[in-house]
Amino acid sequence: MDKLKVTFYTKENCSLCDNGLTVLKIIQEGVPFDIEMIDIYKDDELLEKYQVMIPVVSVDGEDIDYGILSEEKIRNRLLSVSKKN
């Protein structure tokens, strides 16, 4: 089974993003997944799409949480996705 990949849309100097990354690392202790960090300021389309939402957590192309991230919501989603794989 491949390890899940979580895409984390972020930007520099973003305290919500720092907090969100901490949430992901806590979840990672119990659910194995890789984090791909993408700075939305390096892609105009992403900047337009996510500028007021970041941080955004996406799994398999689906945005599952944004802003003040919910550890429970993300963990539950990752667990349901990992069971399908």
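The rules we used
- Residues numbered from 1 in each chain as written.
- Predicted model: local features only at pLDDT ≥ 70, side-chain atom pairs only at ≥ 80, totals over all residues.
- Heavy atoms only, no water.
- Pairing = 2+ DSSP bridges.
- Helix = DSSP H or I, 4+ residues; strand = E, 2+ residues; numbered from the N terminus.
- Axes fitted to C-alpha atoms, helices over the stretch in contact; angles between N-to-C directions.
- Contact = heavy atoms within 4.5 Å.
- Expected span 1.5 Å × (residues − 1).
- Buried < 20%, exposed > 50% of the residue type's maximum accessible area, 1.4 Å probe, protein only.
- Arc of directions from axis to C-beta.
- Parallel < 35°, antiparallel > 145°, perpendicular 65-115°, else oblique.
- Left-handed = near helix turned anticlockwise from the far one by under 90°.
- Nonpolar A, V, L, I, M, F, W, Y, C, P; charged D, E, K, R; others polar.

Novice: How should the sheet that holds strand β4 (residues 62-66) be read in this particular structure?
Specialist: Through backbone hydrogen bonds, the strands of a sheet pair up, either in parallel or in antiparallel fashion. Reading across from one edge, β2-β1-β3-β4 is the order of the 4 strands in this open sheet, with mixed pairing throughout. Across the chains shown, the open sheet's two edge strands, defined by having one partner strand only, are β2 (33-39) and β4. Taking each pair of neighbouring strands and ignoring which way they run, the sheet shows an average axis angle of 25°. By the bridge criterion, 4 bridges tie strand β3 (residues 56-59) to β4 in an arrangement that is antiparallel. From the neighbouring strand, Val57 faces β4, where its bridge partner is Asp65. Running over the sheet, helix α1 (residues 15-28) touches β1 (4-10), β2 and β3 and is turned about 165° from β2. Contacting β1, β2, β3 and β4, helix α3 (residues 71-84) runs over the sheet at an angle of about 155° to β4.

Novice: Got a minute to help me understand α1 in this structure?
Specialist: Each α-helix winds once per 3.6 residues, and so residues spaced three or four apart point in a common direction. Look at α1: 20 Å from first C-alpha to last across 14 residues, which is about the 20 Å you get at 1.5 Å a residue. Taken residue by residue, α1 has Cys17, Gly20, Leu21, Val23, Leu24 and Ile27 as its buried positions. The buried residues of α1 occupy an angular sector of 155° when projected down its axis, which confines them to one face. Exposed residues pointing more than 90 degrees away from the buried face of α1 are listed as Ser15 and Asp18. Those residues of α1 that are buried lie in contact with β1, β2, β3 and α3.

Novice: I'm lost on the packing of α1 against α3 in this one. Help?
Specialist: Helix packing geometry: the angle between the two helix axes and the distance between the axes. Relative orientation of the contacting elements α1 and α3 amounts to 45°, with a least axis distance of 10 Å. In terms of their interaxial angle, α1 and α3 are classed as oblique. The chirality of how α1 crosses α3 is right-handed. Residue-level inspection shows Val23, Leu24, Ile26 and Ile27 of α1 in contact with α3, the latter providing Glu71, Ile74, Arg75 and Leu78. Its residues assigned to classes, the contact of α1 with α3 comprises 6 nonpolar, no polar and 2 charged.

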